[in-house]
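# Understanding the architecture of this molecule
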Amino acid sequence: MDKILIEGQKPLSGSVKISGAKNAVLPIMTAALMAKGKSVITRVPDLRDTKTMIRLMEIVGAKCTFDSGRLEIDGSTVNNPEAPYDLVKTMRASFYVLGPLLARFGTVKVSLPGGCAWGPRPVDFHLKGLEKLGAKITLESGYILAEAKRLKGTEISFEFPSVGATGNIAMAAVTAEGRTIIINAACEPEIVQLCEYLNDMGANINGIGTMRLVIDGVDSLHSADVDIIPDRIEAGTFLTAGALLGEITLEDIIPQHLDLVLLKLREAGCRILTTTNSVTISPADSIQPVDMTTAVYPGFPTDLQAQWVALMSLAKGSSMITDTVYHDRFSHVPELNRFGANIKLENNTAFVPGVNELIGAPVMSTDIRASASLIVAGLAAKGTTEVSRIYHIDRGYEQIEEKFRSLGANIQRKNSSA
Ligand code: EPU
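As the structure is a prediction and not an experimental result, all values here were calculated from the model. (Residues numbered from 1 in each chain as written. Predicted model: local features only at pLDDT ≥ 70, side-chain atom pairs only at ≥ 80, totals over all residues. Heavy atoms only, no water.)

### A closer look at the site of the ligand
- Taken together, 21 residues surround the ligand, and among them Asp124, Ser162, Asp303, Val325 and Arg369 come closest.
- Within the side chain of Asp303, one N or O atom sits 2.6 Å away from an oxygen atom of the ligand.
- Look at the ligand: alone it shows 820 Å² of surface, and the protein chains cover 85% of it.
- For the shell around the ligand, the secondary structure elements donating two or more residues are helix H1 (22-31), helix H5 (124-132), helix H6 (163-173) and helix H12 (368-380).
- In terms of residue count, the dominant contributor to the shell around the ligand is H5 (three residues).
- For the shell around the ligand, a count of residues per class yields ten nonpolar, five polar and six charged.
- When we break the shell around the ligand down by domain, the ones giving at least three residues each are domain 1 (2-16 + 231-415) and domain 2 (24-224). (Near = heavy atom within 4 Å. Polar contact = N/O pair within 3.5 Å; in protein donor to acceptor, adjacent residues only side chain to side chain. Areas by Shrake-Rupley, 256 points an atom, 1.4 Å probe, with all protein chains shown as cover. Helix = DSSP H or I, 4+ residues; strand = E, 2+ residues; numbered from the N terminus. Nonpolar A, V, L, I, M, F, W, Y, C, P; charged D, E, K, R; others polar. Domains from an automatic or database assignment.)

### Let's talk about the sheet that holds strand E22 (residues 362-364)
- A sheet is described by the order of its strands in space; here four strands give the open sequence E22-E23-E1-E24, paired in mixed fashion. With partners counted over all chains shown, the strands left at the sheet margins are E22 and strand E24 (410-415), one partner each. Geometrically, the sheet is characterised by an average inter-axis angle of 25 degrees between neighbouring strands, direction not taken into account.
- Sheet topology note: the E22/strand E23 (residues 384-388) ladder contains three bridges and is parallel. (Pairing = 2+ DSSP bridges. Axes fitted to C-alpha atoms, helices over the stretch in contact; angles between N-to-C directions.)

### With respect to the environment of Val97
- Residue position: Val97 is located in the loop between helix H3 (85-90) and helix H4 (98-105).
- Each C-alpha atom of the pair Val97 and Tyr391 lies 24 Å from the other, and the pair is 294 residues apart in sequence.
- Aside from chain neighbours lying at most four places away, what touches Val97 is Thr30, Leu33, Leu56, Met57, Ala83, Leu102, Val108 and Val110. (Contact = heavy atoms within 4.5 Å.)

### Points about H12
- With 13 residues, H12 extends 19 Å from end C-alpha to end C-alpha; this agrees with the ideal 18 Å at 1.5 Å per step.
- Buried residues dominate H12, accounting for 13 of its 13 residues.
- Of the residues that open H12, the one with a side-chain oxygen 2.8 Å from the backbone nitrogen of Arg369 is Asp367. (Expected span 1.5 Å × (residues − 1). Buried < 20%, exposed > 50% of the residue type's maximum accessible area, 1.4 Å probe, protein only.)

### Section: the pattern of salt bridges
- According to the stated counting rule, one finds 19 salt bridges in the structure shown.
- In this structure, Glu386 and Lys3 form a salt bridge, with 3.0 Å as the shortest nitrogen-oxygen distance. Taken as a pair, Glu386 in strand E23 and Lys3 in strand E1 (residues 2-7) lie far apart in primary sequence, 383 residues in all.
- For Lys3, a relative accessible area of 25% gives the class partly exposed.
- As a salt-bridge pair, Arg329 and Asp303 come within 2.7 Å of each other at their nearest N and O atoms. A residue pair is termed long-range when its members are at least 10 positions apart, and Arg329 in the loop between strand E19 (319-322) and helix H11 (332-337) and Asp303 in the loop between strand E18 (292-293) and helix H10 (305-312) qualify at 26 residues.
- Via salt bridges that share partners, Asp2, Asp394, Glu401 and Arg413 belong to a single interconnected network. (Salt bridge = Lys/Arg side-chain N within 4 Å of Asp/Glu carboxyl O.)

### Some points on the domain arrangement of the chain
- On domain assignment, one finds that the chain holds domain 1 (2-16 + 231-415) and domain 2 (24-224).
- Of note, the centres of domain 1 and domain 2, computed from C-alpha atoms alone, are 31 Å apart.
- Taken residue by residue, the interface counts 18 residues in domain 1 and 20 residues in domain 2.
- Buried surface at the junction of domain 1 and domain 2, summed over both partners, amounts to about 1,700 Å²; 55% is from carbon and sulfur atoms.
- The interface formed by domain 1 and domain 2 contains two salt bridges.
- Between domain 1 and domain 2 we count seven residue pairs in polar contact (both at pLDDT 80 or more) in total.
- At four residues, helix H13 (residues 391-396) tops the list of elements feeding residues into the side of domain 1 that touches domain 2. (Buried area = accessible area lost by both parts, 1.4 Å probe.)

### Brief notes about the packing of helix H8 (residues 232-245) against H12
- Remark: H8 packs on H12, axes separated minimally by 9 Å, with the N-to-C direction vectors making an angle of 20 degrees. As far as their axial angle goes, H12 and H8 are roughly parallel. Along this stretch, H8 crosses H12, giving a crossing that reads as right-handed. Contacts from Ile233, Thr237, Thr240, Ala241, Leu244 and Leu245 of H8 reach H12 at Arg369, Ala372, Val376, Leu379 and Ala380. (Parallel < 35°, antiparallel > 145°, perpendicular 65-115°, else oblique. Left-handed = near helix turned anticlockwise from the far one by under 90°.)

### Some details on the nonpolar core
- Counting 76 residues, the largest nonpolar core has Met29, Ile41, Met57, Ile73, Leu98, Leu130 and Leu198 as the members making the most contacts within it.
- Ignoring sequence-local partners within four residues, the contact set of Leu130 consists of Leu98, Leu102, Ala135, Ile137, Leu151, Ile169 and Ala172.
- Formed by 68 residues, the second largest nonpolar core is a distinct cluster that contains Ile233, Ala268, Ala284 and Ile368. (Core = buried A, V, L, I, M, F, W, Y, C linked by side-chain atoms within 4.5 Å.)

### So, the side chain of Thr249
- When you line up the elements, Thr249 lands in strand E15 (residues 248-251).
- Reaching out from Thr249, the side chain makes a polar contact with the side chain of Thr280 at a distance of 2.8 Å.
- When residues no more than four places from it in sequence are discounted, the contact partners of Thr249 are Gly14, Ser15, Val16, Ser278, Val279 and Thr280.

### A word on the packing of H8 against H10
- Between H8 and H10, the shortest axis-to-axis distance is 10 Å and the interhelical angle comes to 0 degrees. Between H8 and H10, the crossing angle belongs to the class labelled roughly parallel. Contacts from Ile233, Thr237, Thr240, Ala243 and Leu244 of H8 reach H10 at Gln307, Trp308 and Leu311.

Structural data, given as structure tokens:
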């Protein structure tokens with residue numbers, strides 16, 4: 001199994017291009033299944049998750065070609081509306097095929113995802129929403145079976161603005177009969193892009209980017225092309241490294257998607273310069289402690305909570321970091337403590353005292369963003385860090401060690417049997 005080796009405390013400088021957003025491309029790929037034609041998606045990050053989704057596209061019968069960030073999906077041959085356990089268990093986003101395939105075929109079978117490393121992560125909003133649209137839902141040997149001749153528009157209110165449920169229900173509703181209103185919809189940029197893409201395919205969604213989506217059903221969708229938005233979470237991860245290690249510029253990004261993160265970095269003492277499509281960060285002389293609570297967009301993203309904990313572990317003072325989106329998403333804390341961080345956890349809050357230095361250590365990845373926080377900590381730590389189980393990082397970060405190396409970091413991938 002591969003590992004990442006880091007020789008820490010090398011200053012960073014220069015610029016790096018941010019890849020297309022993982023959490024935008026995955027639902028958009030499933031939306032392309034709704035059209036009997038070829039859709040071309042560009043700026044597709046070459047990730048383990050993208051490849052898993054391509055495998056799923058092929059299992060359901062689509063033809064895919066993926067080369068240098070350009071993905072062509074031909075939905076005309078889709079004939080098998082089923083997502084098997086083997087794929088869904090490795091990538092929960094596979095659950096996104098539920099809405100589109102139900103809408104197109106009137107029947108779909110998708111493995112129930114189960115729990116994950118940081119909690120139960122239920123899918124009840126997706127299922128209740130589909131039932132409200134008139135689908136019959138049954139559970140059979142770990143699989144969800146959903147059936148409906150044609151879904152019927154209705155009003156759906158989510159208890160919480162779930163990203164996945166908003167995407168799934170929006171995809172199911174675009175070809176339903178009549179009007180669907182989604183209340184308390186997610187407003188994340190990735191959901192905005194999904195809805196805009198559905199409209200390019202012929203859907204009629206209004207209120208995009210607000211918490212009230214109004215969807216007037218159309219008979220069918222046609223294929224369409226799309227260029228994926230930049231990955232704000234990859235960008236945020238590089239910003240936390242820049243905050244600690246040197247002036248870097250992130251190119252090809254949309255700075256507004258990071259408004260609150262940039263504000264928090266300024267509070268921490270960093271200097272930030274933005275243009276329409278780039279951000280330059282210069283590190284603080286000393287990182288100031290800044291409390292942070294995650295929230296749905298435009299709040300501070302839970303997907304950057306682990307990296308913020310890593311940054312704050314080197315602050316001049318104590319901070320409190322609370323995750324309100326995923327209460328158990330703290331598997332990085334015991335690993336960061338292996339660097340000497342001394343973080344304490346109480347319910348969904350991490351108390352981070354801030355230490356003078358971190359010392360490199362062997363540590364283990366437990367999920368995508370936890371791994372990213374260990375890399376940020378390893379880059380800032382004195383001495384050598386060895387990160388194992390890095391398949392987690394490969395799920396969500398394109399060429400992370402090449403990108404950090406181009407900025408001056410000493411970071412290598414090693415085959416552990418070598
Ligand atoms: N929730 C329910 N029931 C549901 C759905 C969600 O109770 O049916 C709860 C969840 O348990 C959680 C909250 O609602 O407490 C938010 O979950 P959400 O549905 O918004 O998350 P998701 O759609 O499963 C996406 C991203 C995650 C990201 C979250 C929150 C993708 C493929 N995944 O997950 O990304 O953390 O939104 O922003 O878009 C990552 O990229 O590392 C990652 C985990």
